[in-house]
Amino acid sequence: MPKDDGIGAATTRREDPRFLTGKGRYTDDINVPGQAHAFFLRSQVAHGRIASLDTTAAAASDGVIRIFTGDDFAGVGGLPCGWQVTDRHGQPMQEPPHPVLAQGKVRHVGDPIAAVVAETLDQARDAAERIDVDIEELPTVTNMQSALEDGAVRVHDDLESNLCYDWGFIEDNREAVNAAIAGAHHVTTLELVNNRLVPNAMEPRAAIGDYNVATDEHTLYTTSQNPHVIRLLMGAFVLGIPEHKLRVVAPDVGGGFGSKIYHYAEEAFCTFAAKAINRAVKWTADRSEAFITDAHGRDHVTRIDLALDENGKFLAIRTDTLANMGAYLSTFAPSIPTYLHGTLMAGNYATPLIYVNVKAVFTNTVPVDAYRGAGRPEATFQLERVIDKAARELSISPIELRRRNFIGKDQFPYATPVAVEYDTGDYHATMDKLEEIADIAGFSGRRAESAANGKLRGLGISHYIEACGIAPSALVGALGARAGLYESATVRVNATGSVSVLTGSHSHGQGHETTFPQVVADLLGIDAEQVAIVHGDTATTPMGMGTYGSRSIAVGGTAIVKALEKVIAKAKKIAAHLMEASEADVTFADGAFTIAGTDRSVAWGDVCLAAYVPHNYPIEELEPGLEETAFYDPANFTFPAGAYACEVEVDPATGEVEICAFAAADDFGNIINPMIVDGQVHGGLAQGIGQALMEHAVYDEHGQLLSGNFMDYTMPRADDLPSFVIDHSCQTPCTHNPLGVKGCGEAGAIGSPPAVVNAVIDALQSGGHDVDHIDMPLTSCRVWTAINADTGS
Amino acid sequence: MIEISMEVNGREVTDQVEGRTLLVHFLRDQLGLTGTHVGCDTSQCGACVVHVDGRAVKACAVFAAEADGRQVTTIEGMAGDDGSLGVIQQAFQDHHGLQCGFCTPGMVMSAADLLRQNSNPDEDEIREYLEGNLCRCTGYHNIVKSIRAAAAAMG
Amino acid sequence: MYSFELRQPTSIGGAVRALADGGQILGGGQTLIPTLKMRLADPGVLVSLGRVDSLLGICTDDSGRLCIGGATTHAAVAEGGGAYPALARLAGRIGDPAVRNRGTIGGSLANNDPAACYPAAVLASDAVVATNARDIAADDFFTGLFETALDDGEIITEVKFPVPASAAYAKFLQRASRFALVGVFVARFASGVRVAVTGASESGVYRWSEAETALSAEFSPSAVDSLSVAPGGMIDDLHGSPEYRAQLVRVMTSRAVAAC
């Protein structure tokens, strides 16, 4: 019997009261007694050589404790990259150093040159203005094509070129794909840009380094999605602090979306500086600073060819992408355009031949790394756009063309030509559901109504697949990952039967404090109120890999299940002893241990008490206590999928696009808390629609970020969006984790951009405008310009 | 330094501030009311919305000294003394109107200001009113739902 | 922010004295405070007008003009400017609600941001900007990008709007900043039609005289269809090209007329 607060219940969130009353505890809310404040002097030019740097006058400013420059970090490691990609010739990628503070050169606007630590933040800022720095400006490269030209200015003098790697996937298929495309009945080609985005979690990054000279112990409070990863990277690779002397705490974190996965210079700086001055050091980013220091997302330039036969069956896909790495390699950066992008290029379709080429490029811009979806939105966008274009060229409806090529539900498990195996799915079912909830049949009537108002109405469809539940460690290790991607959980049963779960997953909006207890309550048959979740502190939780890639329930949740299984197994032994029965005869259900076939039972609480008060206890065979830890390394990725429909109205006079309706039919497998899943989809959709219509990190040719604050970088607001129609009743449970869950955090951001763009193109085509593509974001100016560039109209 | 006094969440406070001290920093750093957040530096995001003399303002764009003698209400003043949630707060919990929680105080304060002016706003009115509050998590769907539910609950 | 002294006089005279030895006027602060945060200004002394009660309020004068005190907030105009509905609606869509509760008409006009809304209303309405020293006609007030006829330390005390027979403001939003990408205010008086455009020109708000002539002859949305708007001198930025802004000038003018 599912419990009211067990798996499947739309339980309200227990985290909410603290956030709703101002009692959340975010990093910037923390003040360590005696703390000093750090301010970073950052480069205002995109590329330059530091000719001279004199901190003498600044050091004499009021309140200054110490000023640090690159020289202070000469003996310290650089920020490490967590993934090494091997290129198509078998060579490792080019991997430049990434110093904490600039060493002789600056390579993007925002690169830190020096850091002032003072009694107050204002004093630190005042002093920073008195630092005398002379930067000899160098020519910049911000455009990827230019960066790869012979003789281009190199971002890193010590590298041969700005090419990080030239990756082929799967390289052995290259010629076969080329041949299939050359001989195909029809080839649809599309060149497109996947626009650079700024993640913009609402909480700016912050860090506080603290140091105890008596014990030589460091504590770092930081805005992180994965405190253990920060501890490992910073301790082992940057500062050389052993893990038992370094505690990393990620308290309440105000959103991440990928941008708080990575190890950033400010974390290492505050930790280093705290020891150097023997005081806590605090830094909090301004929003403008966040724009030029948080890792950006996307930024691909792609050409895709889709070959079809005379029946509209997909024969082959070839895609060539330039992927911007920025000036340095952020923690996960090399893996995003490769293993999180190329492996998804089959989409939901049974295309026999696929070849993916990616050239990763260094430019004088902020590093680019995973942002909600991370590689999968880029794969989905190009595929779902080119399919739409092919449908138009072949006069087949976009839904029909997709259906003709879907992997059938009887074909699972399905091995794609891009090295992954989908375990389950039913794509016709999600498309059926979409047609129902989006009222596709009624579209023509709505189009006529819009036309009567002088507006062009368009309908856009997309169907996405994503790989979540990241990731099997051995597999990713073979692909270049320098870490494992398991997750951990400790289930600590207390003497009176309540439970503390210590998880390596980190919650920064996902609601783990609510959903994880639902799982525990269900499996133990106790009230969810009896379960507490502890996360975000390396001092209390087992080594965990954190939260990203829609992995928390699939990997972290499974680790909890595995630990619970161990707890139940031990508790059964204790119960058997208490009932003087054979362990094999004891069953556990609804919070009670029963001897099968009898009415003799012992309650969960009594077993727990016996474990901690072992007076009547099999002490020679069993240790006291009831606490188990499990590490779970997934056997495969999970593969959520879904069908999305967007309806837009375009005002032909202004190019303004209004989203009239958006429907999403997702298959996330089993669902723990449908209310929270709905919320995850809503947020993903908003970010995807934001990418499609308004968000854009724009660099000029001098490497200046033109959209560097909220006055110019357009964030989606309430009045830009409709209410969403969503459904997740299509459920093909994951076959390789015990909960049958797949993950839902990124879906909305992956599936929505092509649906929006397809809808706008459909609207323009319906108005007789021969426009087959507009690059994102589809601002009103871009749409109007495209309409007016179409001489056929 | 300037001495200022104001009523914050019903409590009289007096302290010294600099001319440049913003209301948001006075609340956070001097009064320890860290529920009011700073999410941007251009007065766009609305995470810092508080009420001054009953009206919503962005506490990052008001000097503390300008609030001298005024009544200020922050998110900490919206719940009952026993910690019980106010109607709007309860609606946000019931309808999952928050995820990471960072924008939430500003959203609740803006919602209260809206409902003061318009006791029964429709969806479009709510969306338009929230134009000064950014949320990156919820897509606003459930925030709108929460505010409608709060309006209904307040009758 | 750089350190400064904040003065809060309670009278215009007090404000004038406080500004006598330099310093900068602080209106609602919704533009100035973010500017100070970026350390783009170092005023030394900041004189707030927020406590000068005589600068607050809305009334109608003997000539039927709607007179708005210089420190009156956008929200107050939106709520209390019903005698001039188009102006009240404009005020009710500046920035966002919290900004409207602080931002003031005097502050907006003195700053003369090329994409601000109020300058279009003042110019199209042929309003008079009154200061502690003089009255300035709208046509003389706006002198360029972020430039006005105000002298240093001169305080806008009141803005006097003749109320047209009909008027409307059509604003095409710059969605990030909430300023106008292009905004057009059309005011129809017995003596003729005035059209003011904000957000478009590199030199700030301006009157579109060709449209005024066309609309004075025939007041209909289609009257401007045949007019050409030259993109030369239009703002070119991330949000719109000069050609696009030129198009919006015509479209927003037509829509403002339709809304009159």
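The rules behind each value
- Residues numbered from 1 in each chain as written.
- Chains lettered and ligands numbered in written order.
- Predicted model: local features only at pLDDT ≥ 70, side-chain atom pairs only at ≥ 80, totals over all residues.
- Helix = DSSP H or I, 4+ residues; strand = E, 2+ residues; numbered from the N terminus.
- Rg over C-alpha atoms; globule rule 2.2 N^0.38 Å.
- Buried ≥ 20, exposed ≤ 12 C-beta atoms within 10 Å, placed from the backbone.
- Contact = placed C-beta atoms within 7 Å.
- Nonpolar A, V, L, I, M, F, W, Y, C, P; charged D, E, K, R; others polar.
- Pairing = 2+ DSSP bridges.
- Axes fitted to C-alpha atoms, helices over the stretch in contact; angles between N-to-C directions.
- Core = buried A, V, L, I, M, F, W, Y, C linked by C-beta atoms within 7 Å.
- Domains from an automatic or database assignment.
- Expected span 1.5 Å × (residues − 1).

Attention shifts here to the overall build of chain A. On a plain count of helices and strands, chain A comes out with 19 helices and 28 strands. Relative to the globule expectation of 28 Å for 793 residues, the C-alpha radius of gyration of chain A, 27 Å, shows essentially globular dimensions. When its C-alpha atoms are laid out on the principal axes, chain A stretches across 90 × 75 × 50 Å. When the 793 residues of chain A are sorted by exposure, 61% land in the buried category. For chain A, long-range pairs separated by at least 24 residues make up 80% of all intrachain contacts whose partners lie at least 6 apart in sequence.

Across the contact, 45 residues belong to chain B and 44 residues belong to chain A. Only helix H2 (87-94), helix H3 (104-117), helix H4 (123-129) and helix H5 (141-154) of chain B provide two or more residues apiece to the side of chain B that touches chain A. Examining the composition of the side of chain B that touches chain A, we find that four residues originate from one element, H2(B), more than from any other. Classifying every residue of the side of chain B that touches chain A by side-chain character gives 20 nonpolar, 17 polar and eight charged.

On to the interface of chain A and chain C. Listed by partner, the interface residues are 16 residues for chain A and 12 residues for chain C. Of the residues in the side of chain A that touches chain C, the class split is nine nonpolar, five polar and two charged.

Turning our eyes to something else, we now look at the sheet that holds strand S4 (residues 58-60) of chain C. Residue and element names in this part refer to chain C. Strand order in the open sheet formed by five strands is S4-S5-S10-S6-S7, with antiparallel pairing between adjacent strands. With partners counted over all chains shown, the strands left at the sheet margins are S4 and strand S7 (135-137), one partner each. Here the average twist between neighbouring strands, direction ignored, is 25 degrees. Looking at chain direction, strand S5 (residues 66-69) and strand S10 (residues 156-161) are connected through four bridges and run antiparallel. By the bridge assignment for S10, Leu66 is matched with Phe161.

All right, on to the nonpolar core then. Residue and element names in this part refer to chain A. Counting 407 residues, the largest nonpolar core has Val116 and Val760 as the members making the most contacts within it. The element that contributes the greatest number of residues to this core is helix H15 (residues 552-578), accounting for 13 residues. Ignoring sequence-local partners within four residues, the contact set of Val116 consists of Phe39, Ala58, Val64, Ile67, Ala124, Ala127 and Ala128.

Here the focus is the domain arrangement of chain B. Residues and elements named next belong to chain B. The assigned domain composition of chain B is domain 1 (2-77) and domain 2 (87-154). For domain 1 versus domain 2, the separation of C-alpha centres amounts to 21 Å. Opposite the 15 residues of domain 1 that make contact, domain 2 presents 11 residues. Among the elements of the structure, strand S3 (49-52) and strand S4 (55-58) are those that each provide at least two residues to the side of domain 1 that touches domain 2. Residues of the side of domain 1 that touches domain 2, tallied by class, amount to seven nonpolar, seven polar and one charged.

Attention shifts here to the environment of Ser54(C). Inspection of the secondary structure assignment puts Ser54(C) in the loop between strand S3 (45-48) and S4. Taking C-alpha positions, Ser54(C) is 9.9 Å from Thr72(C), a pair spaced 18 residues apart along the chain.

So, about the sheet that holds strand S1 (residues 36-42) of chain A. Residue and element names in this part refer to chain A. One open sheet holds the seven strands; their spatial order is S3-S5-S1-S12-S9-S10-S11, and the pairing between them is mixed. In this open sheet, the two edge strands, each paired with only one partner strand, are strand S3 (64-69) and strand S11 (246-249). On average, each strand axis in the sheet is inclined to that of its neighbour by 20 degrees, with strand direction left out of account. Bridge analysis of strand S10 (residues 217-222) against S11 gives four bridges, and the strand direction is parallel. Among the inter-strand pairings, His218 is bridged to a residue of S11, identified as Leu246.

Another point: H3(B). Residues and elements named next belong to chain B. Look at H3: 20 Å from first C-alpha to last across 14 residues, which is about the 20 Å you get at 1.5 Å a residue. The element H3 is extensively covered by neighbouring structure, given that 11 of its 14 residues are classed as buried. Looking at H3, one finds that the buried residues are Thr104, Pro105, Gly106, Met107, Val108, Met109, Ser110, Ala111, Ala112, Asp113 and Leu114.

All names here are of chain B. Burial along S3 is two-sided: the residues Val49 and His51 and Val50 and Val52 are all buried. Two strands pair when backbone bridges link them, and S3 and S4 are joined in this way by four bridges, in the antiparallel orientation. Bridge assignment links His51 to a residue of S4, and that residue is Ala56. Hairpin connection from S3 to S4: two residues lie between these consecutive antiparallel strands, with Asp53 at a positive phi of about 50 degrees.

Residues and elements named next belong to chain A. Judged by how many residues are buried, strand S27 (residues 656-667) sits mostly within the fold: 10 of 12 residues are covered. Sheet topology places strand S26 (residues 641-651) next to S27; 11 bridges connect them, and they run antiparallel. Note that in S27 the partner of Val650 across the bridge is Val657. Counting the residues in the hairpin turn of S26 and S27 gives four residues, including Gly655, whose phi is positive at 75 degrees. The pairing of S27 with strand S28 (residues 725-727) spans three bridges and is parallel. Residue pairing for S28: Ala663 is matched across the bridge by Val725.

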